[in-house]
Each structure stands twice: as structure tokens, then as C-alpha cells.
Amino acid sequence: RGDAFVELFVQAGDLLAHTELGKGQIEQRGFHRFRQRALQQRRKLRVRKQLRTSERPQLTVYRSSKHIYAQITDPITGKTLTGVSTRSPGVREGLESTKDVDAAKKVGTAIAKLAQEREIREVSFNRNGFVYTGRVKALADAAREAGLSF
């Protein structure tokens, strides 16, 4: 897989080199974004491969620049059991901003409460390729404090 990734990376660089932009602009605009996305995909696949053997429901996190989303899915059927985000009406109330650590903590608490209503106590945490720091870590810690174990 590593060689295929490097080959794809080089091909993308060759494609970007044939545009009208200068070399410095190419690296700033396209190449950096492609590289970051490719690295995130590698992390995502690595995490998913580790969680594949678990039969516990998965708590999956998605983080955008403005919001954070969390959902619990059944790994066998692939169906979503419950989900919550900073766009949910119950969570959004009382938040100054939807893109800070406090909002992530509120989402973590809310997803843990919804899981307990559905009698889910243990989950596997899927960080979905996002680095375990900041908002992702705050959501996980809040879910643990609210009663989920992972």
C-alpha cells in the first residue's frame, strides 16, 4: 500500500506541475491540500482496520471547521443507532460557539445520555482519522465522564 500511495502522490504532483500556476503557488494551493487529505485517509483506514474485529457499537466522530458530529453505529449491520451534533436543537441552545472545546464537551455528554437511554454502556471509539487532541479529545472525555466506557 505504501508504494501505491507514493505513486499516486507523485502523479498528483505531476498533474499540478502542468497547470499555469508557478511552482510555489502549486505547492500552496493544491499539493498541500491533497497531501493533508491523503494523510487523513491513511489514518482513517488504519483506525477502521483496528476496530473491524470489535463487536461493540462504534462511537464515530466527525469534525468540521464549524461543527462536531458524533454517532453510534452497529458494526454488524452498519446502521446508525443514535447521533447528535452541534447542529442538534438540544445541544445548540446555550452555546456561544459551535466550533470550540465547550461545544464538543456538550456533544459528548449528549451522546452518552442518548446511548444510556438505548442501554448502550460500552462502545469502541472511532476518531475517524482525526488527531486525538482538542475537540475530539474533549468529546471523548465528556462521553466517558457521562457514563460511556471505551
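Everything here concerns the structure above.
The rules we used
- Within any chain, residue numbers begin from 1 and follow the written order of that chain's sequence.
- Only residues with pLDDT of at least 70 get local features here, since the model is predicted, and only at 80 or more are side-chain atom pairs given and counted; chain-wide, interface and lining totals rely on the full set of residues.
- To get the side-chain values, all heavy atoms of the structure are used, and hydrogens and water are removed first.
- In this text, buried Ala, Val, Leu, Ile, Met, Phe, Trp, Tyr and Cys residues form a nonpolar core when linked through side-chain atoms within 4.5 Å.
- Each residue is assigned to one of three classes by its accessible area relative to the maximum for its type, calculated with a 1.4 Å probe on protein chains only: buried under 20%, partly exposed between the two thresholds, exposed over 50%.
- To qualify as a helix, a DSSP run of H or I must reach at least 4 residues; to qualify as a strand, a run of E must reach at least 2; elements of each kind are numbered from the N terminus.
- Any pair of residues with heavy atoms lying within 4.5 Å of one another is described as a contacting pair.
- Basic side-chain nitrogens of Lys or Arg form a salt bridge, by our definition, when they fall within 4 Å of a carboxyl oxygen of Asp or Glu.
- Only the stretch in contact is used when a helix axis is fitted, and all axes are lines through C-alpha atoms; the angle between N-to-C directions ranges over 0 to 180 degrees.
- By convention, the crossing between two helices is left-handed when the near helix turns anticlockwise from the far helix through less than a right angle, and right-handed when the turn is clockwise.
- Residues were grouped as follows: Ala, Val, Leu, Ile, Met, Phe, Trp, Tyr, Cys and Pro as nonpolar; Asp, Glu, Lys and Arg as charged; and all remaining residues, including Gly, as polar.

Draft legend 1. Region of interest: the nonpolar core. Ranked by size, the top nonpolar core spans 23 residues in total, and within it Leu-59, Ile-72, Val-107, Phe-125, Leu-139 and Leu-148 carry the most contacts. Going through the elements one at a time, β1 (58-63), β2 (68-73), α4 (101-117) and α5 (135-145) are the ones with two or more residues in this core. Sort the elements by how many residues they give to this core and α4 lands first, with six residues. What Leu-59 contacts, discounting residues up to four positions off in sequence, is Ala-70, Gln-71, Ile-72, Ile-111, Val-123, Ser-124, Phe-125, Asn-126, Ala-143, Leu-148 and Phe-150.

Draft legend 2. Spotlight on the pattern of salt bridges. Tallied over the full model, the rule gives three salt bridges. A salt bridge links Arg-144 to Asp-141, with the nearest nitrogen and oxygen atoms 3.3 Å apart. Residue Arg-144 and its partner Asp-141 are both found in helix α5; the two are separated by three residues, about one turn of the helix. By relative accessible area, Arg-144 is classed as partly exposed at 35%. You can call Asp-141 partly exposed: its relative accessible area is 25%.

Draft legend 3. Just the packing of α4 against α5, in detail. For the pair α4 and α5, interaxial distance at closest approach is 7 Å and the crossing angle is 35 degrees. Where α4 crosses over α5, the handedness of that crossing is right-handed. Packed against α4, whose contacting residues are Val-101, Ala-104, Lys-105, Val-107, Gly-108, Thr-109 and Ala-112, the element α5 presents Arg-135, Ala-138, Leu-139, Ala-142 and Ala-143 at the interface. Taken together, the residues of the contact of α4 with α5 sort by class into eight nonpolar, two polar and two charged.

Structural measurements only, silent on function.
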